[in-house]
Amino acid sequence: MNINRLKEIITKLAEDGEKAQSAPAIPRIDSTSHLTTERKLAWAQLLSSAASAEESEEMVVLPVLKAFEYSDILHRYLKTHMEDESRHRDLLKEYVKNNFSYEKKKKTLTDIIIYKGIFRGVNVISEKRPLPIIVAILFYEWFAEEFYAELMNRAGEDKLINLKNLFIQIEKDELRHRAGIKALLGIWKSEGKKIDKIDIFYTKILLGVTRLDVNTASWAFYNKRLRRNLTNLGLDTEKIYRNSKAYADKAIAELEVQAGLN
(Lines give C-alpha, C1' and ligand atoms only; values in the text may rest on other atoms or scores of the structure.)
Protein backbone atom coordinates (compact mmCIF):
# COMPACT_ATOMS: atom_id res chain seq x y z
CA MET A 1 0.00 0.00 0.00
CA ASN A 2 1.46 3.40 -0.96
CA ILE A 3 2.11 6.13 1.58
CA ASN A 4 -0.65 8.44 0.33
CA ARG A 5 -3.26 5.74 0.87
CA LEU A 6 -1.85 4.99 4.34
CA LYS A 7 -2.11 8.68 5.23
CA GLU A 8 -5.71 8.79 4.00
CA ILE A 9 -6.52 5.80 6.23
CA ILE A 10 -4.91 7.19 9.36
CA THR A 11 -6.50 10.62 8.82
CA LYS A 12 -9.94 9.01 8.57
CA LEU A 13 -9.24 6.99 11.72
CA ALA A 14 -8.24 10.16 13.57
CA GLU A 15 -11.45 11.88 12.42
CA ASP A 16 -13.51 8.91 13.63
CA GLY A 17 -11.70 9.06 16.97
CA GLU A 18 -12.50 12.74 17.37
CA LYS A 19 -16.17 12.04 16.65
CA ALA A 20 -16.17 9.30 19.30
CA GLN A 21 -14.77 11.76 21.83
CA SER A 22 -17.55 14.26 21.13
CA ALA A 23 -20.37 11.71 21.58
CA PRO A 24 -22.42 12.37 24.74
CA ALA A 25 -21.78 10.08 27.70
CA ILE A 26 -24.67 7.75 28.56
CA PRO A 27 -25.15 6.54 32.16
CA ARG A 28 -25.03 2.73 32.14
CA ILE A 29 -27.04 1.11 34.90
CA ASP A 30 -27.79 -2.63 35.05
CA SER A 31 -29.74 -4.67 37.58
CA THR A 32 -27.28 -6.80 39.57
CA SER A 33 -29.60 -8.11 42.29
CA HIS A 34 -29.75 -11.56 40.65
CA LEU A 35 -25.95 -12.01 40.88
CA THR A 36 -24.21 -13.69 43.78
CA THR A 37 -21.92 -11.64 46.01
CA GLU A 38 -18.95 -13.59 44.64
CA ARG A 39 -19.87 -12.83 41.03
CA LYS A 40 -20.47 -9.14 41.76
CA LEU A 41 -17.01 -8.89 43.32
CA ALA A 42 -15.45 -10.72 40.37
CA TRP A 43 -17.01 -8.26 37.93
CA ALA A 44 -16.10 -5.23 40.04
CA GLN A 45 -12.47 -6.20 40.47
CA LEU A 46 -12.01 -7.42 36.90
CA LEU A 47 -13.49 -4.26 35.40
CA SER A 48 -11.32 -2.18 37.72
CA SER A 49 -8.28 -4.07 36.46
CA ALA A 50 -9.38 -3.40 32.88
CA ALA A 51 -9.71 0.30 33.72
CA SER A 52 -6.15 0.27 35.10
CA ALA A 53 -4.91 -1.37 31.89
CA GLU A 54 -6.61 1.31 29.79
CA GLU A 55 -5.04 3.99 31.99
CA SER A 56 -1.62 2.39 31.61
CA GLU A 57 -1.94 2.32 27.83
CA GLU A 58 -2.86 6.00 27.89
CA MET A 59 0.24 6.65 30.01
CA VAL A 60 2.64 4.94 27.60
CA VAL A 61 1.19 6.69 24.53
CA LEU A 62 1.80 10.14 26.01
CA PRO A 63 5.63 10.20 25.72
CA VAL A 64 5.46 8.63 22.25
CA LEU A 65 3.61 11.72 21.03
CA LYS A 66 6.91 13.61 21.12
CA ALA A 67 8.45 11.18 18.66
CA PHE A 68 5.74 12.01 16.14
CA GLU A 69 5.65 15.78 16.49
CA TYR A 70 7.29 15.91 13.05
CA SER A 71 4.04 14.63 11.51
CA ASP A 72 0.72 16.38 12.09
CA ILE A 73 -1.13 13.33 10.73
CA LEU A 74 0.50 10.75 13.00
CA HIS A 75 0.48 13.04 16.04
CA ARG A 76 -3.23 13.71 15.52
CA TYR A 77 -4.01 9.99 15.30
CA LEU A 78 -2.01 9.09 18.43
CA LYS A 79 -3.69 11.90 20.36
CA THR A 80 -7.13 10.43 19.58
CA HIS A 81 -5.83 6.97 20.52
CA MET A 82 -4.66 8.26 23.89
CA GLU A 83 -7.94 10.09 24.50
CA ASP A 84 -9.87 6.89 23.71
CA GLU A 85 -7.97 5.05 26.45
CA SER A 86 -8.76 7.83 28.91
CA ARG A 87 -12.45 7.61 27.99
CA HIS A 88 -12.46 3.81 28.33
CA ARG A 89 -10.88 4.12 31.79
CA ASP A 90 -13.52 6.61 32.91
CA LEU A 91 -16.42 4.58 31.47
CA LEU A 92 -15.26 1.37 33.18
CA LYS A 93 -14.65 3.08 36.52
CA GLU A 94 -18.04 4.78 36.35
CA TYR A 95 -19.80 1.50 35.56
CA VAL A 96 -18.13 -0.26 38.49
CA LYS A 97 -18.97 2.56 40.87
CA ASN A 98 -22.59 2.88 39.73
CA ASN A 99 -23.40 -0.82 39.58
CA PHE A 100 -21.20 -2.44 42.22
CA SER A 101 -20.38 0.47 44.56
CA TYR A 102 -16.74 -0.56 44.24
CA GLU A 103 -13.67 1.60 43.81
CA LYS A 104 -10.10 0.36 43.46
CA LYS A 105 -8.09 1.99 46.24
CA LYS A 106 -4.59 0.53 45.91
CA LYS A 107 -2.19 -0.06 43.05
CA THR A 108 -1.32 -3.70 42.45
CA LEU A 109 2.23 -5.03 42.51
CA THR A 110 2.33 -5.08 38.71
CA ASP A 111 0.97 -1.51 38.55
CA ILE A 112 3.87 -0.35 40.70
CA ILE A 113 6.70 -2.42 39.24
CA ILE A 114 5.74 -2.47 35.56
CA TYR A 115 3.97 0.80 34.86
CA LYS A 116 5.43 3.04 37.55
CA GLY A 117 8.91 1.53 37.23
CA ILE A 118 9.91 -0.30 34.07
CA PHE A 119 7.70 1.64 31.65
CA ARG A 120 8.98 4.95 32.99
CA GLY A 121 12.47 3.78 32.07
CA VAL A 122 11.31 2.81 28.59
CA ASN A 123 9.81 6.27 28.16
CA VAL A 124 13.32 7.71 28.24
CA ILE A 125 14.21 6.07 24.93
CA SER A 126 10.79 6.29 23.28
CA GLU A 127 11.30 9.72 21.72
CA LYS A 128 14.13 8.37 19.55
CA ARG A 129 12.90 4.79 19.36
CA PRO A 130 9.09 4.81 19.63
CA LEU A 131 8.50 1.50 17.85
CA PRO A 132 8.88 -0.82 20.88
CA ILE A 133 6.02 0.95 22.66
CA ILE A 134 3.97 1.18 19.45
CA VAL A 135 4.29 -2.59 18.87
CA ALA A 136 3.57 -3.31 22.55
CA ILE A 137 0.36 -1.31 22.13
CA LEU A 138 -0.50 -3.36 19.04
CA PHE A 139 0.01 -6.52 21.10
CA TYR A 140 -2.32 -5.22 23.79
CA GLU A 141 -4.98 -4.26 21.24
CA TRP A 142 -4.96 -7.80 19.81
CA PHE A 143 -5.02 -9.32 23.28
CA ALA A 144 -7.81 -7.00 24.42
CA GLU A 145 -9.94 -7.91 21.39
CA GLU A 146 -10.37 -11.52 22.50
CA PHE A 147 -10.40 -10.66 26.21
CA TYR A 148 -13.25 -8.16 25.84
CA ALA A 149 -15.12 -10.55 23.53
CA GLU A 150 -15.07 -13.17 26.31
CA LEU A 151 -16.27 -10.61 28.86
CA MET A 152 -18.96 -9.44 26.44
CA ASN A 153 -20.32 -13.00 26.31
CA ARG A 154 -20.29 -13.29 30.11
CA ALA A 155 -22.04 -9.93 30.45
CA GLY A 156 -24.78 -11.17 28.12
CA GLU A 157 -25.15 -14.38 30.13
CA ASP A 158 -25.42 -12.34 33.34
CA LYS A 159 -28.04 -10.06 31.76
CA LEU A 160 -25.76 -7.02 32.15
CA ILE A 161 -26.98 -5.49 28.89
CA ASN A 162 -25.48 -2.05 29.38
CA LEU A 163 -22.12 -3.57 30.25
CA LYS A 164 -22.29 -5.70 27.10
CA ASN A 165 -23.02 -2.55 25.07
CA LEU A 166 -20.09 -0.81 26.74
CA PHE A 167 -17.79 -3.62 25.61
CA ILE A 168 -19.20 -3.30 22.08
CA GLN A 169 -18.40 0.42 22.14
CA ILE A 170 -14.87 -0.19 23.40
CA GLU A 171 -14.28 -2.91 20.80
CA LYS A 172 -15.18 -0.45 18.00
CA ASP A 173 -12.47 1.86 19.29
CA GLU A 174 -9.97 -1.00 19.64
CA LEU A 175 -10.63 -2.05 16.03
CA ARG A 176 -9.81 1.51 14.94
CA HIS A 177 -6.65 1.41 17.07
CA ARG A 178 -5.39 -1.79 15.47
CA ALA A 179 -5.87 -0.33 12.00
CA GLY A 180 -4.21 2.92 13.10
CA ILE A 181 -1.10 1.30 14.55
CA LYS A 182 -0.61 -0.86 11.45
CA ALA A 183 -1.00 2.20 9.21
CA LEU A 184 1.46 4.13 11.39
CA LEU A 185 4.05 1.36 11.04
CA GLY A 186 3.54 1.35 7.28
CA ILE A 187 3.99 5.14 7.07
CA TRP A 188 7.10 4.97 9.27
CA LYS A 189 8.66 2.46 6.89
CA SER A 190 7.52 4.29 3.73
CA GLU A 191 9.09 7.52 4.99
CA GLY A 192 12.42 5.73 5.25
CA LYS A 193 12.54 5.79 9.05
CA LYS A 194 14.86 3.31 10.71
CA ILE A 195 13.60 -0.09 11.88
CA ASP A 196 16.52 -2.22 12.98
CA LYS A 197 17.48 -5.15 15.19
CA ILE A 198 17.82 -2.86 18.20
CA ASP A 199 14.15 -1.93 17.83
CA ILE A 200 13.29 -5.62 17.70
CA PHE A 201 15.46 -6.35 20.75
CA TYR A 202 13.79 -3.62 22.82
CA THR A 203 10.38 -4.70 21.57
CA LYS A 204 10.88 -8.29 22.68
CA ILE A 205 11.91 -7.11 26.16
CA LEU A 206 8.94 -4.76 26.39
CA LEU A 207 6.49 -7.42 25.22
CA GLY A 208 7.87 -9.78 27.85
CA VAL A 209 7.22 -7.16 30.51
CA THR A 210 3.74 -6.39 29.15
CA ARG A 211 2.84 -10.07 29.20
CA LEU A 212 3.75 -10.21 32.89
CA ASP A 213 0.94 -7.76 33.57
CA VAL A 214 -1.67 -9.93 31.83
CA ASN A 215 -0.14 -13.24 32.92
CA THR A 216 -2.88 -15.63 34.03
CA ALA A 217 -0.74 -18.77 34.21
CA SER A 218 -1.02 -20.85 37.36
CA TRP A 219 2.54 -19.92 38.42
CA ALA A 220 1.91 -16.14 38.27
CA PHE A 221 1.48 -15.73 42.04
CA TYR A 222 1.22 -11.93 41.78
CA ASN A 223 -1.93 -12.20 39.63
CA LYS A 224 -3.75 -14.64 41.91
CA ARG A 225 -6.74 -12.34 42.33
CA LEU A 226 -7.00 -11.76 38.59
CA ARG A 227 -7.01 -15.52 37.98
CA ARG A 228 -9.64 -16.06 40.66
CA ASN A 229 -11.95 -13.41 39.20
CA LEU A 230 -11.57 -14.76 35.65
CA THR A 231 -12.26 -18.29 36.87
CA ASN A 232 -15.33 -17.13 38.79
CA LEU A 233 -16.70 -15.67 35.56
CA GLY A 234 -15.99 -18.92 33.70
CA LEU A 235 -12.96 -17.88 31.65
CA ASP A 236 -10.09 -20.25 30.89
CA THR A 237 -7.00 -18.63 32.42
CA GLU A 238 -4.51 -21.03 30.83
CA LYS A 239 -5.99 -20.33 27.39
CA ILE A 240 -5.67 -16.58 28.01
CA TYR A 241 -2.01 -17.09 28.92
CA ARG A 242 -1.33 -19.14 25.76
CA ASN A 243 -3.05 -16.51 23.62
CA SER A 244 -0.89 -13.76 25.09
CA LYS A 245 2.18 -15.64 23.82
CA ALA A 246 0.61 -16.01 20.37
CA TYR A 247 -0.23 -12.30 20.16
CA ALA A 248 3.28 -11.33 21.30
CA ASP A 249 4.77 -13.50 18.54
CA LYS A 250 2.35 -11.93 16.05
CA ALA A 251 3.38 -8.42 17.10
CA ILE A 252 7.09 -9.21 16.71
CA ALA A 253 6.40 -10.71 13.27
CA GLU A 254 4.57 -7.52 12.25
CA LEU A 255 7.63 -5.42 13.14
CA GLU A 256 10.01 -7.85 11.42
CA VAL A 257 7.94 -7.63 8.22
CA GLN A 258 8.15 -3.83 8.33
CA ALA A 259 11.92 -4.09 8.89
CA GLY A 260 12.29 -6.52 5.99
CA LEU A 261 13.61 -9.22 8.31
CA ASN A 262 10.76 -11.65 7.78
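Residues numbered from 1 in each chain as written. Predicted model: local features only at pLDDT ≥ 70, side-chain atom pairs only at ≥ 80, totals over all residues. Heavy atoms only, no water.

Things to note about the confidence of the model for the chain
Stage number 1. Scored by pLDDT, the chain comes out at a mean of 87, with 91% of its residues at no less than 70.
Stage number 2. Looking at the elements of the chain, mean pLDDT is at its lowest for helix α4 (residues 109–126), recorded as 62, and at its highest for helix α1 (residues 3–22), recorded as 95. (pLDDT = per-residue confidence, 0-100. Helix = DSSP H or I, 4+ residues; strand = E, 2+ residues; numbered from the N terminus.)

Topic: unusual backbone geometry
The general pattern is negative phi for most residues beyond glycine and trans for most peptide bonds.
Stage number 1. If you check the backbone angles, S101 has positive phi at about 50° while not being a glycine.
Stage number 2. With respect to the helices and strands, S101 occurs in the loop between α3 (72–100) and α4.
Stage number 3. Judged by its relative accessible area of 70%, S101 is exposed.
Stage number 4. One non-glycine residue with positive phi stands out, namely K159, at about 60°.
Stage number 5. Mapped onto the fold, K159 is located in the loop between α5 (131–157) and α6 (161–190). (Buried < 20%, exposed > 50% of the residue type's maximum accessible area, 1.4 Å probe, protein only.)

Remarks on the pattern of salt bridges
Stage number 1. In this structure the tally under the stated criterion is 20 salt bridges.
Stage number 2. Between R87 and D84 there is a salt bridge; the shortest N-O distance is 2.6 Å. Here the residue R87 and the residue D84 both occupy positions in helix α3, the gap between them amounting to 3 residues, near one helical turn.
Stage number 3. Of the residues examined, R87 reaches a relative accessible area of 13% and is grouped as buried.
Stage number 4. A relative accessible area of 0% places D84 in the buried class.
Stage number 5. As a salt-bridge pair, E150 and K239 come within 3.9 Å of each other at their nearest N and O atoms. A residue pair is termed long-range when its members are at least 10 positions apart, and E150 in helix α5 and K239 in helix α9 (residues 237–259) qualify at 89 residues.
Stage number 6. The partly exposed category is assigned to E150, whose relative accessible area is 22%. (Salt bridge = Lys/Arg side-chain N within 4 Å of Asp/Glu carboxyl O.)

So, the side chain of E85
Stage number 1. With respect to the helices and strands, E85 occurs in helix α3.
Stage number 2. Within the buried core, E85 has no salt-bridge partner, and the shortest N-O distance to an opposite charge, that of R176, equals 8.4 Å.
Stage number 3. When neighbours within four sequence positions are excluded, E85 is seen to be in contact with E54, E57, E58, E141, E174 and H177. (Lys, Arg positive; Asp, Glu negative; His and termini not counted. Contact = heavy atoms within 4.5 Å.)

Thoughts on the environment of I200
Stage number 1. Mapped onto the elements, I200 comes out in helix α7 (residues 197–213).
Stage number 2. Residue classification places I200 among the buried positions, given a relative accessible area of 6%.
Stage number 3. The spacing of I200 and K250 is 50 residues in sequence and 13 Å in space, taken between C-alpha atoms.

Description of α1
Stage number 1. Between its first and last C-alpha atoms α1 spans 29 Å; for 20 residues at 1.5 Å apiece the expected length is 28 Å, and the two agree.
Stage number 2. By the burial criterion, the buried members of α1 are L6, I10, L13, A14, G17 and A20. Looking down the long axis of α1, one finds its buried residues gathered within 115° of arc, a one-sided arrangement. In α1, the exposed positions that point more than 90 degrees away from the buried face belong to N4, K19 and S22.
Stage number 3. Where α1 is buried, its residues contact α3 and α6. (Expected span 1.5 Å × (residues − 1). Arc of directions from axis to C-beta.)

Brief notes about the packing of α5 against α6
Helices that pack against each other are described as a pair by the angle of their axes relative to one another and the distance between those axes.
Stage number 1. For the pair α5 and α6, the least separation of the axes is 9 Å and the interaxial angle reads 160°. In this view, α5 runs roughly antiparallel relative to α6, as classed from their interaxial angle. By crossing handedness, the relation of α5 to α6 is classed as left-handed. (Axes fitted to C-alpha atoms, helices over the stretch in contact; angles between N-to-C directions. Parallel < 35°, antiparallel > 145°, perpendicular 65-115°, else oblique. Left-handed = near helix turned anticlockwise from the far one by under 90°.)

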